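The chain contents come next:
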Amino acid sequence: KQIIITADKSPGELKQLDYRITSRLSGGLVVDILPTNYKLRIKIIKKKLDTKKAYFDSEIIKFLAKKITTSVRELEGCINKLIAYSDLMKSKLEISNVKDILSDLFRENSRKLSIDDIQSQVSKHFNINFADLCSKSRSRSVSRPRQIAMYLSKELTELSYPEIGKYFG
């Protein structure tokens, strides 16, 4: 017989289990499921729409793929909500409708991060002074957290590289 076991760690990291069980689990197919990227989310949306025999404009599909990045379940929930709305109201979905319909979801995620917030969290995480993060020090203990903070600043804000660079001296 076959069984499927899921965990948030690989079998070798499950220290609480008996060695024989972790050995047996390691001998099976171990797959790491990574977060989805933009292209994969578009494919998922199209596949879900095919199975539900529904249609969304490409603009709506791109919007959903860009905005909903946390989980496939959340993405499917939004698709279901939009299909239900369209069926109940007997109307074609437009991008403005979609934004209104899903506004409660986007309101939760709409808190804008500032570079100061990012710098503060990174300095706390790496246990370095905020001033050191913005200094010209090239020591590894400071430069690596600075690089991470700059990367997060680019990913989580809409600022350009030169603007981000000004925050880091």
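For the structure, check the block above.
None of these values were measured; they are calculated from a predicted model.

A. Highlighting the overall build of the chain. The helix and strand inventory of the chain stands at ten helices and zero strands. Start at the N end of the chain and walk to the C end: the helices and strands fall as α-α-α-α-α-α-α-α-α-α. Compactness check: the chain gives a C-alpha radius of gyration of 22 Å against a globular reference of 15 Å for 169 residues, more than 25% above the reference. Counting only C-alpha atoms and orienting by the principal axes, one finds that the chain spans roughly 60 × 55 × 25 Å. Expressed as a percentage of its 169 residues, the buried residues of the chain come to 26%. Considering only contacts in the chain between residues 6 or more positions apart, those separated by 24 or more positions represent 48%. Carbon and sulfur atoms form 53% of the exposed surface of the chain, whose accessible area is close to 13100 Å².

B. Looking closely at a nonpolar patch on the surface. A surface patch of nonpolar side chains, about 410 Å² in accessible area, is lined by Leu29, Val31 and Ile33. In this fold, Val31 is placed in the loop between helix 1 (19-26) and helix 2 (38-51). Look at Val31 and you get exposed, because its relative accessible area is 59%.

C. Highlighting the packing of helix 7 (residues 115-125) against helix 9 (residues 140-156). For the pair helix 7 and helix 9, interaxial distance at closest approach is 9 Å and the crossing angle is 145°. Helix-helix and strand crossings are classified by hand; for helix 7 and helix 9 the assignment is right-handed. Only Pro145, Ala149, Leu152, Ser153 and Leu156 of helix 9 make contact with helix 7, whose side of the interface consists of Ile115, Ile118 and Val122. The residue makeup of the contact of helix 7 with helix 9, split by class, is seven nonpolar, one polar and no charged.

D. Examining the side chain of Thr157 more closely. Mapped onto the fold, Thr157 is located in the loop between helix 9 and helix 10 (161-167). The class for Thr157 is buried, based on a relative accessible area of 13%. A distance of 2.3 Å separates the side chain of Thr157 from the backbone oxygen of Ser153, its partner in a polar contact. Residues contacting Thr157, with those up to four places away along its chain left out, are Leu113, Ile115, Ile118 and Leu152.

E. Here's a closer look at the nonpolar core. Judged by nonpolar contacts, the single largest core of 23 residues is most densely connected at Ile45, Phe56, Leu64, Ile79, Leu82, Val98 and Leu102. Those elements that provide at least two residues to this core are helix 2, helix 3 (58-67), helix 4 (72-89), helix 5 (95-101) and helix 6 (103-108).

F. The packing of aromatic side chains, seen in detail. Enumeration according to the criterion identifies zero aromatic pairs in this entry. Lying over the aromatic face of Tyr161, Lys154 brings its terminal NZ or CZ to 4.8 Å of the ring centre.

G. Local environment of the environment of Lys154. Of note, Lys154 is situated in helix 9. The class for Lys154 is partly exposed, based on a relative accessible area of 27%. When the C-alpha atoms of Lys154 and Ser26 are compared, they prove to be 38 Å apart, with 128 residues separating the residues in sequence. Apart from residues lying up to four places away in sequence, Lys154 is in contact with Leu159, Ser160, Tyr161 and Ile164. One polar contact links the side chain of Lys154 to the main-chain carbonyl oxygen of Leu159, over a distance of 3.3 Å.

H. Summary view of the environment of Lys9. Residue position: Lys9 is located in the segment before helix 1. Taking relative accessible area as the criterion, Lys9 reaches 42% and is therefore assigned partly exposed. Residues Lys9 and Asp32 lie 23 residues apart in sequence; the distance between their C-alpha atoms is 8.9 Å.

Conventions we followed
Residues numbered from 1 in each chain as written. Predicted model: local features only at pLDDT ≥ 70, side-chain atom pairs only at ≥ 80, totals over all residues. Heavy atoms only, no water. Helix = DSSP H or I, 4+ residues; strand = E, 2+ residues; numbered from the N terminus. Rg over C-alpha atoms; globule rule 2.2 N^0.38 Å. Buried < 20%, exposed > 50% of the residue type's maximum accessible area, 1.4 Å probe, protein only. Contact = heavy atoms within 4.5 Å. Areas by Shrake-Rupley, 256 points an atom, 1.4 Å probe, with all protein chains shown as cover. Patch = residues over 30% accessible without salt bridge, like charges linked within 9 Å, V, L, I, M, F, W, Y side chains within 5 Å. Salt bridge = Lys/Arg side-chain N within 4 Å of Asp/Glu carboxyl O. Axes fitted to C-alpha atoms, helices over the stretch in contact; angles between N-to-C directions. Left-handed = near helix turned anticlockwise from the far one by under 90°. Nonpolar A, V, L, I, M, F, W, Y, C, P; charged D, E, K, R; others polar. Polar contact = N/O pair within 3.5 Å; in protein donor to acceptor, adjacent residues only side chain to side chain. Core = buried A, V, L, I, M, F, W, Y, C linked by side-chain atoms within 4.5 Å. Phe/Tyr/Trp six-rings, centres within 6.5 Å; stacked < 30°, edge-to-face > 60°. Lys NZ or Arg CZ within 6 Å of the ring centre and 35° of its normal.

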